[in-house]
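Chain by chain, the residues:
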Amino acid sequence: MTFLYRGALAAPAFALAAFVAAGSASASPCMPDHVAAPSALSPDVPLTLEAALNEIRRTSPDIRAAGLEARALNADADQAGRWLNPTLTADFENFSGGGALSGFDQSETTFGVEQTFRLGNKRGLEERAARARAALGTAECAVILRESEREAALAYADLVAASEAARLADEASNLSSTLAETVSKRVEAGAAAPPELARARADAASLRAEAALARGEVEARAYALASLWGEADLRFAVPSEFQIIAAAQSGTAPHPNLAAAKAAVDAREAELKRARAEAIPD
């Protein structure tokens, strides 16, 4: 089952949500083993919603920061499950004195190895707490990702709508110019009064100004969309129509906010158990 919608003003909100959710599930930069897809932007190719979301996952500053934080927490969790490193000590006595104790001839050297054994299952509880913190970091990254993708999807829809409005404004401007030329010929032929020509030219000038304003709105929305993934220049062509092709999901995944809330509860419980274990001396 697929969704296919065309037209700048005909894309319903649930279709956007379905497309964003499908993309987040399949290519989340919050996962430790994530490999970013190559950029699909081209100055000669109209931007698609899929390409916009891909850029959000690739280069959005907020997503990259959250993803790196999640990876750091996963690395900390791997370290928490290891034994404490042993400590090697070396003591030197009876050296650099006078007489027989001059130099190191009569020195005494003592080497020692110390190893701390954590009792009360501290190592296991510490690893469990670290894994819970890592899961919370991944869940919080997913929340930021979903919000960023939603913002990008809405900005993309606004861009397509502005592009459609600019196209209609250009058509209206061209028609008004043609009408002004026709009225001018009628005035020259004596079939119309000069005031009609003045009104036609005034209307044409007004519509040309509106068309220029609409084109400026398109450019502003295009730059606003590109700024969401940290781009200062436009490396894509403005789309002229809205197209969504999203595969329906067989299952329903919980919203990232719910997953983050559950991960927060699990992390607090794991931290509490780890803190209680500290009462047992090593």
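Residues numbered from 1 in each chain as written. Predicted model: local features only at pLDDT ≥ 70, side-chain atom pairs only at ≥ 80, totals over all residues. Heavy atoms only, no water.

(A) Quick look at the pattern of salt bridges. In total, this model carries 18 salt bridges according to the counting rule given. Where Arg-235 meets Glu-55, a salt bridge forms, and the shortest distance between an N and an O atom there is 3.8 Å. In this pair, Arg-235 sits in the loop between helix 5 (194-227) and strand 4 (243-247) while Glu-55 sits in helix 2 (residues 49-59), placing the two residues 180 residues apart along the sequence. A salt bridge links Glu-231 to Arg-235; the nearest nitrogen and oxygen atoms lie 3.4 Å apart. Since its relative accessible area comes to 31%, Arg-235 is described here as partly exposed. One connected set of salt bridges, linked through shared partners, spans Glu-126, Arg-133, Glu-271, Arg-274 and Glu-278. (Salt bridge = Lys/Arg side-chain N within 4 Å of Asp/Glu carboxyl O. Helix = DSSP H or I, 4+ residues; strand = E, 2+ residues; numbered from the N terminus. Buried < 20%, exposed > 50% of the residue type's maximum accessible area, 1.4 Å probe, protein only.)

(B) Summary view of the environment of Ala-261. Counting through the fold element by element, Ala-261 comes out in helix 6 (residues 256-277). The spacing of Ala-261 and Leu-136 is 125 residues in sequence and 8.3 Å in space, taken between C-alpha atoms.

(C) Seen up close, the nonpolar core. Counting 31 residues, the largest nonpolar core has Leu-47, Tyr-156, Leu-225, Trp-229 and Phe-236 as the members making the most contacts within it. Sorting elements by how many residues they give to this core places helix 4 (residues 122-189) first, with 12 residues. What Tyr-156 contacts, discounting residues up to four positions off in sequence, is Leu-47, Thr-48, Leu-49, Leu-225, Pro-239, Glu-241 and Phe-242. Judged by nonpolar contacts, the second largest core, of 9 residues, contains Ala-132, Leu-136, Ala-139 and Ala-267. (Core = buried A, V, L, I, M, F, W, Y, C linked by side-chain atoms within 4.5 Å. Contact = heavy atoms within 4.5 Å.)

(D) Just the packing of helix 4 against helix 6, in detail. Closest axis-to-axis distance for the helix 4/helix 6 pair is 8 Å, and the angle between their directions is 160°. Taken together, the axis directions place helix 4 and helix 6 in an arrangement best described as roughly antiparallel. Taken as a pair, helix 4 and helix 6 cross one another with a handedness that is left-handed. (Axes fitted to C-alpha atoms, helices over the stretch in contact; angles between N-to-C directions. Parallel < 35°, antiparallel > 145°, perpendicular 65-115°, else oblique. Left-handed = near helix turned anticlockwise from the far one by under 90°.)

(E) Spatial organisation of the confidence of the model for the chain. Overall, the prediction assigns the chain a mean pLDDT of 82, with 82% of residues at 70 or greater. The weakest mean pLDDT in the chain belongs to strand 1 (residues 2-6) at 37; the strongest belongs to helix 5 at 93. (pLDDT = per-residue confidence, 0-100.)

(F) Structural context of the packing of helix 2 against helix 3 (residues 61-80). Where helix 2 meets helix 3, the axes come as close as 6 Å, and the angle between the chain directions of the two elements is 45°. Taken together, the axis directions place helix 2 and helix 3 in an arrangement best described as oblique. For the pair helix 2 and helix 3, contact is made by Ile-56, Arg-57, Arg-58 and Thr-59 and by Pro-61, Ile-63 and Arg-64, respectively. Broken down by class, the residue content of the contact of helix 2 with helix 3 amounts to 3 nonpolar, 1 polar and 3 charged. (Nonpolar A, V, L, I, M, F, W, Y, C, P; charged D, E, K, R; others polar.)

(G) Region of the structure containing the state of the cysteines. Under the counting rule described, the total for this entry stands at 1 disulfide. Here Cys-30 is linked by a disulfide to Cys-141, with a sulfur-sulfur distance of 2.0 Å. Since a negative S-S torsion denotes a left-handed disulfide, the Cys-30-Cys-141 link at about -80° is left-handed. On the criterion of sequence distance, the pair formed by Cys-30 in the loop between helix 1 (13-26) and helix 2 and Cys-141 in helix 4 is long-range, its members being 111 residues apart. With relative accessibility at 1%, the residue Cys-30 sits in the buried group. On the accessibility criterion, Cys-141 (1% relative accessible area) is buried. (Disulfide = S-S within 2.5 Å.)

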